[in-house]
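Structural description and commentary
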Amino acid sequence: MGQIDLMKKKLLIIGGASLIGSTIINEFKNDYDIHLTYNKTPVNSNFSQTKLNLLDERNQISSVISNLNPDVVVNTVAYPNVDFCETHHDEANLLHVSITDDLVSVCSDISSPLVYFSTDAVFDGTKSIKYTEDDITSPLSYYGKTKRDAEKIILNINENIVLRTTVVYDWHIRSRFTNWVLKNLKQGSKITAFTDQSNTATLAGDISHSLFCLLDQHHSGLFHCAGKTCLSRYDFAIKLADYFGYDKKLIIPTISKNTQSASRPENGCLDSSKLEELINFKLSNIDQGITSMINSSKTIPDIFL
Ligand SMILES: NC(=O)c1ccc[n+]([C@@H]2O[C@H](COP(=O)([O-])OP(=O)(O)OC[C@H]3O[C@@H](n4cnc5c(N)ncnc54)[C@H](OP(=O)(O)O)[C@@H]3O)[C@@H](O)[C@H]2O)c1
């Protein structure tokens, strides 16, 4: 075997400490030469990493990419707070749309596919069954609008990938919903959880595995990448209580009306059949996902509960 065959492909993850970014590191680390950027949170690893605030140092990302010349670029950077985006349009537009434009341009110059993560918030949630890639987008929130605008820019280049996902969770310090539920239930504190918004909650490890398969098999385009089970936050919290042995009576059902500054789709459930058939991989249902989380809790230290 010649030396060229032994060379690993270079992967740049922008936002290496994010929930999805760090899960991708785990999935890809044996097969790819991994490079990272971070803003406030350096990654505890030996991978080469560059500190870069995309808002303050916008011009630098293009030179980081062209100097590294990666085979693939994965951008996980975003404002996760949908309500913040509703009141901070300029910042949301800059981070989600303008910077995407910069990335698409530099990645296409070096013929490197760019991977982007989008959301069920591109839909208005009025459909009665799960959304497919063919459904018309009609975001209710500014967050959803910026993610939809970014998708369009990314998909102008045939080699790029957009994965739409929803309520991502795992045994991870940034798994916001599951950590909030488990922390409160463990302390015996009551929580309220919405019954009128449903999503296909998604195990982070399923996203990284799907991406690995897509790249390995040279696929590109738009894919839904979400868990199998369409359920409300209330039902998700009840499932967590069941599996972790906490008191379900601490979870109080409530409705979202007038409690959030940004509207969310009532139905945020995504159908991932296109992806599953293409890469021959089944995304987890909620029981399989929580079981997998529990299994990894035995190997990853309990740092947040
Ligand atoms: N999590 C979900 O439920 C969900 C659902 C649908 C779609 N998505 C999408 O999936 C992607 C990844 O989400 P995630 O939940 O894994 O992210 P996350 O854990 O919330 O992390 C956000 C990332 O953005 C980085 N970041 C924020 N502001 C930055 C700035 N000004 N400059 C540079 N980096 C900055 C953070 O870096 P530091 O930590 O270093 O500051 C961090 O790496 C996002 O595009 C998100 O919209 C997520």
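It should be noted that the structure appears before, not after, this text.
Below is a short write-up of the structure. Treat the numbers as computed from the prediction; the structure is a model and nothing was measured.

The next subject is the environment of Glu-159. By secondary structure assignment, the location of Glu-159 is in the loop between α6 (142-154) and β6 (161-165). Taking the relative accessible area as the measure of exposure, Glu-159 reaches 49% and is therefore partly exposed. Along the chain, Glu-159 and Gly-221 lie 62 residues apart, while their C-alpha atoms are 7.0 Å from each other. Once residues within four sequence positions are removed from consideration, Glu-159 is found in contact with Pro-113 and Ser-220.

A word on the state of the cysteines. Think of a disulfide as a covalent bridge from one cysteine sulfur atom to another cysteine sulfur atom. A full pass over the atoms with the stated rule returns 1 disulfide. Paired through a disulfide, Cys-230 and Cys-269 show a sulfur-sulfur distance of 2.0 Å. Between Cys-230 and Cys-269 the sulfur-sulfur dihedral comes to about 80°; the bridge is accordingly right-handed. Here Cys-230 is found in the loop between β11 (221-224) and β12 (231-232), whereas its partner Cys-269 is found in the loop between β14 (267-268) and α10 (273-279), with 39 residues between them in sequence. The exposure class assigned to Cys-230 is partly exposed, which follows from its relative accessible area of 40%. On the accessibility criterion, Cys-269 (0% relative accessible area) is buried.

Rules and cut-offs
- Residues numbered from 1 in each chain as written.
- Predicted model: local features only at pLDDT ≥ 70, side-chain atom pairs only at ≥ 80, totals over all residues.
- Heavy atoms only, no water.
- Helix = DSSP H or I, 4+ residues; strand = E, 2+ residues; numbered from the N terminus.
- Buried < 20%, exposed > 50% of the residue type's maximum accessible area, 1.4 Å probe, protein only.
- Contact = heavy atoms within 4.5 Å.
- Disulfide = S-S within 2.5 Å.

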